[in-house]
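Architecture and fold: a report
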Amino acid sequence: MPNESRPLEMTCLVRHSAKQVHCQIDDAYVLMDVESGEYFELNRVGGRIWREASSEIAIGDLIDRLYRAFEVERATCESQVLSWIEKMRDLGLVEVTYE
């Protein structure tokens, strides 16, 4: 089963894809997919996830860090982070490795 269709697990590792370039503007990031030329803007929370994924990080560890950094319920944090990673993986902007 290709990684793009597998459900995410807390032990999966996530990191930036090599097919993007990005720059930081204040707390936000602008990404460009180098293959398609499409641009994407990340808000403050998305930018924080992006910074954390600059090197491989386990999804569970990422959620733990964000949960401590932002005032949000644990289940909400987990759901939103998983959704964000799936969307970014579908766009080819992050890579997910299964252990």
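Each remark here, short or long, concerns the structure printed above.
Residues numbered from 1 in each chain as written. Predicted model: local features only at pLDDT ≥ 70, side-chain atom pairs only at ≥ 80, totals over all residues. Heavy atoms only, no water.

**Examining the packing of helix 1 (residues 44-52) against helix 3 (residues 74-90)**
Running from amino to carboxyl end, helix 1 crosses helix 3 at an angle of 70°, the nearest separation of the two axes being 12 Å. On the basis of their axis angle, the class for helix 1 and helix 3 is roughly perpendicular. The segment helix 1 lies against helix 3, with G46, I49 and W50 engaging V81, W84 and M88. (Axes fitted to C-alpha atoms, helices over the stretch in contact; angles between N-to-C directions. Helix = DSSP H or I, 4+ residues; strand = E, 2+ residues; numbered from the N terminus. Parallel < 35°, antiparallel > 145°, perpendicular 65-115°, else oblique. Contact = heavy atoms within 4.5 Å.)

**Details of the sheet that holds strand 3 (residues 28-33)**
Sheet architecture is open: three strands sit in the order 2-3-4, paired in antiparallel fashion. In this open sheet, the two edge strands, each paired with only one partner strand, are strand 2 (20-25) and strand 4 (39-42). The mean inter-strand angle of the sheet, taken between neighbouring strand axes irrespective of direction, is 20°. Note that strand 2 and strand 3 share six bridges and pair antiparallel. Within strand 3, the residue paired with Q20 across the bridge is D33. (Pairing = 2+ DSSP bridges.)

**Here we look at the layout of surface pockets**
Taken as a whole, the largest pocket holds about 200 Å³ of empty space. Taken together, 13 residues make up the lining of the largest pocket; nearest its centre are V45, I49, C77, Q80 and V81. Of all the secondary structure elements, the ones that give two or more residues to the lining of the largest pocket are helix 1 and helix 3. Sort the elements by how many residues they give to the lining of the largest pocket and helix 3 lands first, with six residues. Looking at the lining of the largest pocket residue by residue, the class counts come to eight nonpolar, five polar and no charged. In this structure, the second largest pocket spans a volume of roughly 150 Å³. Elements that contribute at least two residues to the lining of the second largest pocket include exactly strand 4 and helix 3. Classifying every residue of the lining of the second largest pocket gives six nonpolar, two polar and two charged. (1 Å grid on protein atoms, 1.4 Å probe; cavity = no way out; pocket = protein on both sides within 12 Å on 5 of 7 lines; lining within 4 Å. Points joined across faces, edges and corners; volume = space filled by probe spheres on them. Nonpolar A, V, L, I, M, F, W, Y, C, P; charged D, E, K, R; others polar.)

**Topic: the sheet that holds strand 1 (residues 13-16)**
Spatial ordering of the open sheet is given by 5-1-6, a layout of three strands whose pairing is antiparallel. With partners counted over all chains shown, the strands left at the sheet margins are strand 5 (57-58) and strand 6 (94-97), one partner each. Where strand 1 and strand 6 come together, four bridges link them in antiparallel fashion. Within strand 6, the residue paired with H16 across the bridge is V94. In the packing of helix 3 onto the sheet, the strands contacted are strand 1 and strand 6, and the crossing angle to strand 6 comes to about 110°.

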